[in-house]
Amino acid sequence: MIVRSLALAGALAATLVPARAQSVADFYSRTPVRLIISADPGGSYDQIGRLLARHLGRLIPGNPRVVPENMLGASGRVAANYLYHAAPRDASVIGLIQQSIPMGQALGEGGVQYDAGRFNWIGSPVRLDETLVVWHTTGVRTIEDAKAKPVIIGATSPTGMNYVYPKLANELLGTRFKIVTGYAGGTPIVLALERGEVEGRGSNPWSEWKASKPDWVREGKIVALMQMSLFKHPDLPHVPLMIDLAPDDTVRSIFELVSIVGEIGRPFVTSPGVPPERVAALREAFRLTMADPDFLADAARSHIEIHPIFGDELSELVQRVLGSPKSAVDLLKTALAAK
């Protein structure tokens, strides 16, 4: 009787072992992964998200299917809030979130309902060479020209980088960009540019322009006025970095802050509270994917330049944004709020 009771007790205990005690491979062999892409179909976030979705599952233990889905809204805040509050905390959902998510928190934006420092940062496949470009028929060729002539810039919302960069240029450099918000994402802005509704786009990587509109680059239909990164693209040695345009140290500190946002790239995360062994497995799978020949060949076919940032470095960049000096954050908020 005692032996039977012990056996029953053992069986009951086994049924109470938490789900996270199963191996990573066991979990993922039965669980597909949802990949939330926080931008519109067709743009660079979507292209990079779907590229990774085609390959990441092969290198996660258990080889789960990775299913991408788009979740738009408020320049990525809707997706970030969902991942932070509503997504299962079992690593069955990962997200490609907007690079501006940490800056939104640093600025205290009203739509922010997350702590960016608590996301589990997996990595970014790219370090972005962000550029502000205008259409060739504007006659504007430099930032100095943009101080003399108004140019209509398309943007999503006042929280998106398509708005932030030209707005800061207006307030701190004296340009005359007229920023029109309300576009659903980068792809509609490009269509508006093609139709002549707008005359420029405030933020898009030069490498993305080369991939999505090679004829525009080749034929000089778009003109880069400044680069919002920590480094210059090799194709644009004469186009100034935003940091280098700063008239003083205070403005430079603001431009450094927003340039770090550009460096964050196209970041993949999973929710806070995910079991650490699954976070480690996702980070390792991401690292392996970045060196995988099939992935690299697929990226080359899509004209996507792979220059990865891994989880620890990405987390450090996020902390740099969250830890920005109050003086820089306050001036940045004032500049963005100016009418």
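The rules behind the values
- Residues numbered from 1 in each chain as written.
- Predicted model: local features only at pLDDT ≥ 70, side-chain atom pairs only at ≥ 80, totals over all residues.
- Heavy atoms only, no water.
- Core = buried A, V, L, I, M, F, W, Y, C linked by side-chain atoms within 4.5 Å.
- Buried < 20%, exposed > 50% of the residue type's maximum accessible area, 1.4 Å probe, protein only.
- Contact = heavy atoms within 4.5 Å.
- Helix = DSSP H or I, 4+ residues; strand = E, 2+ residues; numbered from the N terminus.
- Expected span 1.5 Å × (residues − 1).
- Phe/Tyr/Trp six-rings, centres within 6.5 Å; stacked < 30°, edge-to-face > 60°.
- Lys NZ or Arg CZ within 6 Å of the ring centre and 35° of its normal.
- Pairing = 2+ DSSP bridges.
- Axes fitted to C-alpha atoms, helices over the stretch in contact; angles between N-to-C directions.
- Salt bridge = Lys/Arg side-chain N within 4 Å of Asp/Glu carboxyl O.
- Polar contact = N/O pair within 3.5 Å; in protein donor to acceptor, adjacent residues only side chain to side chain.

Participant: What am I meant to see in the nonpolar core here?
Facilitator: Soluble globular proteins tend to bury their nonpolar side chains together. Core analysis: the biggest nonpolar cluster contains 59 residues, and Leu83, Met103, Leu168, Leu225, Phe255, Val258 and Leu332 have the highest contact counts within it. The contact partners of methionine 103, leaving out residues within four places of it in the chain, are Met161, Val164, Val258, Val261, Val321 and Leu332. Listed in part, the 32 residues of the second largest apolar core include Leu56, Val126, Ala285 and Met290.

Participant: What should I look at first to understand helix α8 (residues 161-173) in this one?
Facilitator: In an α-helix, one turn spans 3.6 residues; hence positions three or four apart end up facing the same way. A rise of 1.5 Å per residue sets the reference length of α8, with its 13 residues, at 18 Å; its end C-alpha atoms lie 17 Å apart and thus fit the reference within 8%. Counting buried residues along α8, twelve of its 13 residues qualify, which places the element largely inside the surrounding structure. Along α8, the residues that are buried comprise Met161, Asn162, Tyr163, Val164, Tyr165, Pro166, Lys167, Leu168, Ala169, Asn170, Leu172 and Leu173. Phi for glycine 174, located one or two positions after α8, is positive at around 90°.

Participant: Help me out: how do you make sense of the packing of aromatic side chains in this one?
Facilitator: Any aromatic ring pair is given by two values, namely how distant the centres are and how the planes are angled relative to each other. Tallied over the full model, the rule gives eight aromatic pairs. Where phenylalanine 27 meets tyrosine 28, the ring centres are 4.9 Å apart and the plane angle is 70°; that geometry is what we call edge-to-face. Each member of the pair, phenylalanine 27 together with tyrosine 28, is buried. Ring plane angle 75° and centroid distance 4.8 Å describe the contact between tryptophan 135 and tryptophan 216, whose orientation is recorded as edge-to-face. Taken together, the residues span a long stretch of sequence, with tryptophan 135 in strand β5 (residues 130-135) and tryptophan 216 in helix α11 (residues 214-218) at a distance of 81 residues. The two residues tryptophan 135 and tryptophan 216 agree in class, both being buried. Connected via pairs of aromatic rings, a cluster forms that spans Tyr84, Tyr114, Phe119 and Trp121. The ring of tyrosine 45 carries arginine 266 above its face, with NZ or CZ at 3.8 Å from the centroid. In this arrangement the basic side chain of arginine 278 is found over the ring face of phenylalanine 27, its NZ or CZ atom lying 3.8 Å from the centre.

Participant: I would appreciate a short explanation of the sheet that holds strand β6 (residues 151-154) in the present structure.
Facilitator: By definition, the strands of a sheet pair up through backbone hydrogen bonds, in either a parallel or an antiparallel sense. Spatially, five strands are ordered β7-β6-β8-β5-β9 in an open sheet, and the strand pairing comes out mixed. Looking at the sheet topology across the chains shown, the edges are occupied by β7 (177-180) and β9 (222-227). Across the sheet, the mean angle from the axis of one strand to that of its neighbour is 35°, orientation sign disregarded. Here five bridges tie β5 to β9, and the two strands are oriented antiparallel to one another.

Participant: It is not clear to me how the pattern of salt bridges should be interpreted in this structure. Could you clarify?
Facilitator: Working definition: two side chains of opposite charge can pair if their charged atoms are close together. Inspection of the entire model under this criterion finds 20 salt bridges. The partner of glutamate 194 in a salt bridge is lysine 213, with the nearest N and O atoms 3.7 Å apart. Of the two residues, glutamate 194 sits in helix α9 (residues 186-195) while lysine 213 sits in the loop between α10 (206-212) and α11, which places them 19 residues apart along the sequence. For glutamate 194, a relative accessible area of 43% translates into the label partly exposed. Notably, a salt bridge pairs arginine 301 with aspartate 298, separated by 3.8 Å at the nearest N-O pair. On the criterion of helical spacing, the pair formed by arginine 301 and aspartate 298 is a turn pair, its members being three residues apart in helix α14 (residues 293-301). It is possible to trace a salt-bridge network through shared partners that takes in Arg54, Asp298 and Arg301.

Participant: In this structure, what is going on with the side chain of serine 75? I would like to understand it.
Facilitator: By the element assignment, serine 75 lies in the loop between β2 (66-70) and α5 (77-85). Polar contacts involving the side chain of serine 75 include one to the side chain of threonine 156, which spans 3.3 Å. With sequence-adjacent residues up to four places away left out, serine 75 is seen in contact with Gln98, Ser100, Thr156, Ser157, Thr159 and Gly160.

Participant: Got a minute to help me understand α5 in this structure?
Facilitator: Of all nine residues in α5, seven are buried; the element is thus mostly enclosed. Regarding α5, the residues found buried are Arg77, Ala79, Ala80, Asn81, Tyr82, Leu83 and Tyr84. Lining the buried residues of α5 we find β1 (33-37), β3 (93-96), α6 (101-106) and β10 (268-270).

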